[in-house]
Amino acid sequence: MSRFRHLISIDDLERDDIEHILSKADSFVEIARGEKSSGILEGKILANLFFEPSTRTRMSFESAMKRLGGEVINLGSVEASSIAKGESLADTVRVVSGYADCIVIRHYREGSARFASVVSEVPVINAGDGAGQHPTQTLLDLYTIKKEVGLKNLRIALVGDLKYSRTVHSLIKALAHFGAEMLLVSPEALKLPDELKENGSFAECDLEYAVENADVIYVTRIQKERFPDEEEYRKVAGSYRITAEMLKNSSAVIMHPLPRVDEISYDVDSLPNAIYFRQAFYGVPVRMAILTEVML
Amino acid sequence: MNVLTISKIKDGTVIDHIPSGKALEVLRILGIRRGSRERVSMAMNVESKKMKRKDIVKVEGKFISEEELNRISLIAPDATINIIENFEIRRKFRVRIPERVEGLLRCPNGNCISNDGKEPVTSAFRIEKSENLVFAVCMYCGKKIYEIEEYLV
Ligand SMILES: [Zn+2]
């Protein structure tokens, strides 16, 4: 029996459901690497409905589906399709749910995935709804932490844009289930909103303290658009940049949802601390766990 | 003793203990507005033992379901309902906060799917209460509304 029919928000999952997905993901790692083969989703079709580009997420779902023996169909270019002619999301979802066994949706409006799940005949997985939710990212972040350092007694530093980053917001809510201690490192203007501090243990600190004391440093991009002028942005962003020099005496692992711009310098890549490419890979076994959960 | 200036009704619903000044919003929540055919009488700023000043609304000639009446709790949490039949009170109860309301509120988030005119979507809000604060949470985008009357459709 599936624990959930749709995956729309990390808030819909209990700690128990999260742990179930994470341990299930473990059993898919070798298949995700191509070391073992599987036909567990043979005969199933996944429809990718990406109304805005997110090549990485889309490819990760495709890889997961295909390595499990399933097929993938894509919406294709939004401009060329019926959406440009003004078709509603509801109609698109209804039509496509007749073509596939599961829909992965990314859409620019908040709440779109929830709405799609209401009108769809098949399970819907949210791959990002505007500034809203992106639960598969959160689950792959949790899986990475579990795999690399463990979720128990975790001290994690969240660095960068804590005000607007939905990745950070969802991760915080999920980590609260596991009693993690969270260190907040951000410029004044991009602090974590108070309403997100309701559950969990939080402390503000600087980057230096975080590097010395945290098990995980989770870095997010500080966007230029958040600042009144470019000079201000450069000054601020520069002081939240991770370099190899900084990590000389640190055993903290560095995570990043990618793509990065320059918040982690390239000289970090070769250090044992850098796990962000493995993190991206873990997206595949985690999505395998989710796809099989909703389709089997 | 204060004499109420509105007459008794034969069959209908009396909504009492509305915070003063909110009577019109109560009618709005019940879908009674200009052009509606029900007979409505209202008393505003009536003296009250419980709440100093209150409003009272009486509606005749319309059957109002308990579910509809419970919506009133969003702006008048202490309102009491008297169902009148043949000049007598048949039933008396206090409104209860509904778990969810559909099509009643508009999401303040302009980018929420429930505000997309192209979609066949009805707004849906979960109603929550923390201490004395009643607020609504958009079931689509998660946006919270604290000033509920500002977002009545
Ligand atoms: Zn909304």
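To be clear, the structure that these remarks concern was listed above.
Please read all numbers here as calculations on a predicted model, not as lab measurements.

Visitor: How should I be thinking about the interface of chain A and chain B in this particular structure?
Guide: Where interface size is given, it is often the accessible area lost as the parts come together that is meant. With 13 residues of chain A in contact, the opposing surface of chain B contributes 13 residues. Here chain A packs against chain B, burying approximately 1,200 Å² in sum over the two surfaces, 50% of which is carbon and sulfur. Contact with chain B buries area across many residues of chain A, yet A:R109, A:E110 and A:F115 alone supply 52% of it, more than any other trio. Between chain A and chain B we count one salt bridge in total. The closest approach of N and O atoms between A:R109 and B:D116, which form a salt bridge, is 3.1 Å. Our count for the contact surface shared by chain A and chain B stands at ten residue pairs in polar contact (both at pLDDT 80 or more). Sorting elements by how many residues they give to the side of chain A that touches chain B places helix α5 (residues 112–119) of chain A first, with three residues. Of the residues assigned to the side of chain A that touches chain B, the class counts are four nonpolar, five polar and four charged.

Visitor: I keep staring at the coordination of the zinc ion and nothing clicks. Help me out?
Guide: Angles between donor atoms at a metal ideally measure 109.5 degrees for a four-coordinate tetrahedral arrangement and either 90 or 180 degrees for a six-coordinate octahedral one. Residue and element names in this part refer to chain B. Summarising the metal site, the zinc ion is bound by the protein donors C107 (SG), C112 (SG), C138 (SG) and C141 (SG), whose distances to it range over 2.3 to 2.4 Å. Viewed at the metal, the four donor atoms of the zinc ion are separated by angles of 99 to 116°, and the geometry they form is tetrahedral. Between the donor residues of the zinc ion, the gaps in sequence give the motif C-x4-C-x25-C-x2-C. Taken as a pair, C107 in the loop between β6 (100–102) and β7 (124–130) and C141 in the loop between β8 (133–138) and β9 (144–145) lie far apart in primary sequence, 34 residues in all.

Conventions adopted
- Residues numbered from 1 in each chain as written.
- Chains lettered and ligands numbered in written order.
- Predicted model: local features only at pLDDT ≥ 70, side-chain atom pairs only at ≥ 80, totals over all residues.
- Heavy atoms only, no water.
- Contact = heavy atoms within 4.5 Å.
- Buried area = accessible area lost by both parts, 1.4 Å probe.
- Salt bridge = Lys/Arg side-chain N within 4 Å of Asp/Glu carboxyl O.
- Polar contact = N/O pair within 3.5 Å; in protein donor to acceptor, adjacent residues only side chain to side chain.
- Helix = DSSP H or I, 4+ residues; strand = E, 2+ residues; numbered from the N terminus.
- Nonpolar A, V, L, I, M, F, W, Y, C, P; charged D, E, K, R; others polar.
- Donors = N, O, S within 2.8 Å, 3.2 Å for Na, K, Ca; no water.
- Tetrahedral: all angles 85-135°; square planar, octahedral: opposite > 155°, others 65-115°.

What is shown is where atoms sit, not what they do.
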